[in-house]
Amino acid sequence: MRDPAMPPTIDFTHHDFEAEALVVRTDFSDDVAWRTVVDLLHQPDDNGFEVRTFLLDDRAFAGASPADVISAAAAEPALEVVFLADAATMTGDHPLLAVSTRSQELEDGDMELDRAFRLTPPNVNVMHVNLAIGHMDFWEFAYHAARATDRVLRL
């Protein structure tokens, strides 16, 4: 029996996370802001990559923490990152929270980075495509976000 305080398990049927970025809405306070986020996520990519997202807009995830969403997504081993549309996303330039599903493997001299950082909606697709093709890993993006003055990744 599912704990009603926990979000449900995410159904990955008919979704390919090499092709689709998972964006989970956890804040339901502003539908207009959410529609703006969705519009920004679907803007054509300047690099010619197809923009594909699996938007999970389910009130069962209202107030879910990053750990709750990672737990709900645990059944999908190909998923490297989830993007959360939380309260901070509904303001300003709508930065989503990118959360790694994996821990950082440090080598000598590596800087330990947070498992989560913010990025603007147009960068979700850029990040997802680069992860999917193995061009970059989550921690390279996290490093660049950590160096930004406001800690928001803008490529």
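Let me sum up the structure you'll find in this document. (Residues numbered from 1 in each chain as written. Predicted model: local features only at pLDDT ≥ 70, side-chain atom pairs only at ≥ 80, totals over all residues. Heavy atoms only, no water.)

Quick notes on the pairing of strand β3 (residues 81-85)
Burial of β3 is extensive: five of the five residues sit out of reach of the surface. Covered by surrounding structure in β3 are Val-81, Phe-83 and Ala-85 together with Val-82 and Leu-84, the residues of both alternating faces. With three bridges connecting them, strand β1 (residues 21-25) and β3 associate as parallel partners. Bridged to Arg-25 within β3 is Ala-85. (Buried < 20%, exposed > 50% of the residue type's maximum accessible area, 1.4 Å probe, protein only. Helix = DSSP H or I, 4+ residues; strand = E, 2+ residues; numbered from the N terminus. Pairing = 2+ DSSP bridges.)

Some words on helix α1 (residues 31-41)
Every buried residue belonging to α1 is among Ala-33, Trp-34, Val-37, Val-38 and Leu-41, and all of these are buried. The arc that holds the buried residues of α1, viewed along the axis, is 145 degrees, so those residues lie on one side. Within α1, the exposed residues directed more than 90 degrees away from the buried face are Val-32 and Asp-39. Close packing links the buried residues of α1 with β1, β2 (53-56), β3, β4 (96-100) and α3 (121-132). The distance from a side-chain oxygen at the start of α1 to the backbone nitrogen of Val-32 is 3.1 Å, and the residue carrying that oxygen is Asp-30. (Arc of directions from axis to C-beta. Contact = heavy atoms within 4.5 Å. Polar contact = N/O pair within 3.5 Å; in protein donor to acceptor, adjacent residues only side chain to side chain.)

Describing unusual backbone geometry
Outside of glycine, negative phi angles account for most residues, and trans bonds account for most peptide bonds. The phi dihedral of His-94 is positive, around 60 degrees, even though this residue is not glycine. Within the element layout of this structure, His-94 appears in the loop between β3 and β4. On the accessibility criterion, His-94 (11% relative accessible area) is buried. If you check the backbone angles, Arg-151 has positive phi at about 65 degrees while not being a glycine. By the secondary structure assignment, Arg-151 is in the loop between α4 (138-147) and β6 (152-153).

Focus on the sheet that holds β2
If you walk across this open sheet you meet the six strands as β2-β1-β3-β4-β5-β6, and the pairing is mixed. Of all the strands in the sheet, the pair left with one neighbour each is β2 and β6. Strand direction decides the pairing type here: β1 and β2, joined by four bridges, are parallel. Its bridge partner being in β2, Val-24 is matched across the sheet by Leu-56. Strand contacts of α4: β3, β4, β5 (116-119) and β6, with the helix running at about 70 degrees to β5, the strand carrying the most contacts. (Axes fitted to C-alpha atoms, helices over the stretch in contact; angles between N-to-C directions.)

Just distances and angles here, no functional claims.
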